[in-house]
Amino acid sequence: SCVECKTSDENEKEEKVKLWKLVVDLECDSIDSIRRLLYNRAKWDEIFIHSSVVVESFADNQMNADVHHYVVKDMNMTRDFCELRIFSDNVVFNKKRCQCLFSRSIEHDKASRMGDVRANVLKNVYLIEPLKSSSSTMALNNGTKFRLHQLYSADLKGYSFEWYDKYQGHLLKRYLVNMKTNLLL
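Computed from a predicted model, the values in this text were never measured in an experiment.

Draft legend 1. Quick peek at the layout of surface pockets. The volume enclosed by the largest pocket comes to roughly 560 Å³. Along the wall of the largest pocket there are 32 residues; nearest its centre are Arg 41, Asp 45, Ile 47, Leu 156 and Tyr 175. For the lining of the largest pocket, the secondary-structure elements that each account for two or more residues are helix H2 (33-39), helix H3 (41-44), strand E4 (64-73), strand E5 (78-93), strand E6 (96-108), strand E8 (120-130), strand E9 (145-155) and helix H5 (161-183). With six residues, the single largest contributor to the lining of the largest pocket is H5. Looking at the lining of the largest pocket residue by residue, the classes come out as 18 nonpolar, six polar and eight charged.

Draft legend 2. Spatial organisation of the packing of aromatic side chains. Enumeration over the complete set of coordinates arrives at six aromatic pairs. Arranged with centres 3.7 Å apart and planes meeting at 10°, the rings of Tyr 159 and Trp 163 form a pair that is stacked. Here Tyr 159 matches Trp 163 in class, with each residue buried. Plain terms: the ring middles of Tyr 159 and Tyr 164 are 6.4 Å apart, the flat faces sit at 80° to each other, and that makes the pair edge-to-face. Each member of the pair Tyr 159 and Tyr 164 is classed as buried. Within the aromatic cluster, the residues linked to one another by ring pairs are Tyr 159, Phe 161, Trp 163 and Tyr 164.

Draft legend 3. Spatial organisation of the pattern of salt bridges. In the structure shown here, the tally under the stated rule is 11 salt bridges. Salt-bridge contacts for Arg 147 lead to Asp 25; the nearest nitrogen and oxygen are separated by 2.6 Å. On the criterion of sequence distance, the pair formed by Arg 147 in strand E9 and Asp 25 in strand E2 (residues 20-27) is long-range, its members being 122 residues apart. Its relative accessible area of 35% is what places Asp 25 among the partly exposed residues. One salt bridge in this structure joins Lys 96 and Glu 129, with 3.4 Å as the shortest N-O distance. Residue Lys 96 is found in strand E6, and its partner Glu 129 is found in strand E8; the two are separated by 33 residues along the sequence. The two residues Lys 96 and Glu 129 agree in class, both being buried. Salt bridges linked by common partners bring Asp 80, Glu 107 and Arg 118 together as one network.

Calculation rules
Residues numbered from 1 in each chain as written. Predicted model: local features only at pLDDT ≥ 70, side-chain atom pairs only at ≥ 80, totals over all residues. Heavy atoms only, no water. 1 Å grid on protein atoms, 1.4 Å probe; cavity = no way out; pocket = protein on both sides within 12 Å on 5 of 7 lines; lining within 4 Å. Points joined across faces, edges and corners; volume = space filled by probe spheres on them. Helix = DSSP H or I, 4+ residues; strand = E, 2+ residues; numbered from the N terminus. Nonpolar A, V, L, I, M, F, W, Y, C, P; charged D, E, K, R; others polar. Phe/Tyr/Trp six-rings, centres within 6.5 Å; stacked < 30°, edge-to-face > 60°. Buried < 20%, exposed > 50% of the residue type's maximum accessible area, 1.4 Å probe, protein only. Salt bridge = Lys/Arg side-chain N within 4 Å of Asp/Glu carboxyl O.

This is how it looks when you write it as structure tokens:
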């Protein structure tokens, strides 16, 4: 079973932790970009240690979902994440067929904590938009230029609000640059 993560100070933190929006243009040959984001984190996250899919992908006609558990290590401590991930390659944005990945932290009985702390992803959205004007499937298959949008907000535990203001945006930007150079090309 899974439940939404909430701490006693959750509402206050959600108000104070920024929602970051980042955008990067990519060149990539595959319509499978979301799957690469889902399953190849070690290629673009240099502090990544371990991951597992706690609940295998389940799907309906429009979307797929799974429960993903992973651990990262920065200079201070290891952080453990357990997220419900919902993904689709059939989302319309700006009159174009796009790919979308949404994730949010949850608690799951099969994801026991492996890090020093359990971080809480409040919102993480990736939207991969083809830069061609066509909305057909062929545009995703044949088009090579994409725009990756990310919206992100998380309580990583152990950092001050000043840290989020000064450093988190730089770290997120570095992740997108890593994705661009190591994952999606």
